[in-house]
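What the coordinates show
Next come the chains, spelled out residue by residue.
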Amino acid sequence: MLSATITAHPAAAAAVLLRQRHSLRLRQPLCVPIGAVAQMRRMATARPPVVNALASKNVEGVPAPKLTFPILVNSCTGKMGKAVAEAAVSAGLQLVPVSFSAMEVPDGKLELCGREICVHDPSESEKILPSIVKEYPDLIVVDYTVPDAVNANAELYCKLGLPFVMGTTGGDRQLLHKTVQDANIYAVISPQMGKQVVAFLAAIEIMAKQFPGAFSGYKLEVMESHQATKLDVSGTAKAVISCFQNLGVSFDMDEIKLVRDPEEQVTVVGVPEEHLAGHAFHMYHLTSPDGTVSFEFQHNVCGRSIYAEGTVDAALFLYTKIQSGASKKLYDMIDVLREGNMR
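Below: a short report on this structure. Small disclaimer: the values here were computed from a predicted structure and weren't measured.

End to end, helix H3 (residues 79-90) covers 17 Å across 12 residues, agreeing with the expected 16 Å (1.5 Å per residue, within 8%). If you check which residues of H3 are buried, you get Met80, Gly81, Ala83, Val84, Ala85, Ala87 and Ala88. Summarising the contacts, the buried residues of H3 are in contact with strand E2 (70-74), strand E3 (94-95), strand E5 (109-112), strand E7 (140-143) and helix H10 (305-324). Gly92 occupies a position one or two residues after H3 and carries a positive phi of about 90 degrees.

Attention shifts here to the layout of surface pockets. One number sums up the size of the largest pocket: a volume of about 1100 Å³. Every residue lining the largest pocket is counted, 42 residues in all, and those nearest its centre are Met80, Tyr144, Thr145, Val146 and Gln227. Every element with two or more residues in the lining of the largest pocket is listed here: H3, helix H8 (235-246) and strand E12 (279-287). Space inside the second largest pocket adds up to approximately 720 Å³.

Moving on, we get to the sheet that holds E7. Read from one edge to the other, the open sheet built from six strands follows the order E3-E2-E7-E8-E9-E14, with strand pairing classed as parallel. Single-partner strands in this sheet number two, and they are E3 and strand E14 (330-331). Sheet analysis places E2 next to E3, joined by two bridges and oriented parallel. Bridge pairing in E3 places Ile71 opposite Leu95. In this fold helix H6 (residues 173-183) packs onto strand E8 (164-166), strand E9 (187-189) and E14, with an angle of close to 170 degrees to the strand it touches most, E9.

It is worth spelling out the pattern of salt bridges at this point. Pairs can form between side chains of opposite charge once their charged atoms are near each other. This structure, assessed with the given rule, holds 10 salt bridges. A salt bridge links Lys109 to Glu116; the nearest nitrogen and oxygen atoms lie 3.6 Å apart. Look at Glu116 and you get partly exposed, because its relative accessible area is 46%. Here Glu224 makes a salt bridge to Arg260, at a shortest N to O gap of 2.9 Å. In this pair, Glu224 is assigned in strand E10 (residues 219-226) and Arg260 in the loop between strand E11 (257-259) and helix H9 (262-269), connecting sequence segments 36 residues apart. A relative accessible area of 0% means that Glu224 is categorised as buried. For Arg260, a relative accessible area of 17% puts it in the buried group.

Residue position: Thr169 is located in the loop between E8 and H6. A polar contact is formed between the side chain of Thr169 and the side chain of Asp232, at a distance of 2.7 Å. The contact partners of Thr169, leaving out residues within four places of it in the chain, are Pro147, Val150, Pro191, Lys230 and Asp232.

Conventions used here
- Residues numbered from 1 in each chain as written.
- Predicted model: local features only at pLDDT ≥ 70, side-chain atom pairs only at ≥ 80, totals over all residues.
- Heavy atoms only, no water.
- Helix = DSSP H or I, 4+ residues; strand = E, 2+ residues; numbered from the N terminus.
- Expected span 1.5 Å × (residues − 1).
- Buried < 20%, exposed > 50% of the residue type's maximum accessible area, 1.4 Å probe, protein only.
- Contact = heavy atoms within 4.5 Å.
- 1 Å grid on protein atoms, 1.4 Å probe; cavity = no way out; pocket = protein on both sides within 12 Å on 5 of 7 lines; lining within 4 Å.
- Points joined across faces, edges and corners; volume = space filled by probe spheres on them.
- Pairing = 2+ DSSP bridges.
- Axes fitted to C-alpha atoms, helices over the stretch in contact; angles between N-to-C directions.
- Salt bridge = Lys/Arg side-chain N within 4 Å of Asp/Glu carboxyl O.
- Polar contact = N/O pair within 3.5 Å; in protein donor to acceptor, adjacent residues only side chain to side chain.

Shape is all these values report; function is a separate question.
Listed below in structure tokens is the structure:
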């Protein structure tokens, strides 16, 4: 669920209650479902064939062939990686039967999407990947590993000239961007792959740029709840907070309330028990200096399909940019949204 709630409190009693607010507890917001961010654009007949392959029909009205290319999911032993692999196969992409993971896999093989995936230790990636690149010359890598591996993995991809989609959060993001720019490699890097959540973030960024200081003096409270296995603070939360800071709000990242305890997630946050192992609930609450006005923004995601589908769209987008020889090479999910060619 993605929603925004705006509440005014004219009564003094309500102001007192706001000032006595001790913890972030989700309320029942006015939910505004957000559909697809962008409609399919009609493709001009003069466009290159690789771009026309994304259109649902060609000029004669005959269904166009699906765009396909090899994709390597690193790592597909985790839940997010598995979801991306399944979405990629469903989209008609060629899943390369190789992955890397520190997780022990029986006989070094994993059955996924009806395919046998050979799983190697990450220490072997520099030795194995060059042969994979030769075998699959149009290869695109999707990275869903761990925060500590982000920069080392990106350096390896760049060294081998491998275009990639970085879905893993964490790491040194400034260094990550510099590594890609210095290597002049095609890449999509985004802390958030859910298309509708990215659209929400883009709207907040536009507001911050056009109305700097609009929330000066306001108090910000932030809560984010993810599955217990998520090791780092949400990159999306950091990006949204950065926008609120530009809007005049004073807030330190250490003030984010991280919820990783399953019991608290169910009783306080309201996460369905069946989604404790995979969810992302975020709430941003702003209160005016005198406590009489509050704004609340909330987006709740259960499961991983929104991220998996967005990641595949990012890979499709990147492939078309490579094939068209685009001069720009470093992209984010907002670029993917602007293109409009999403399934």
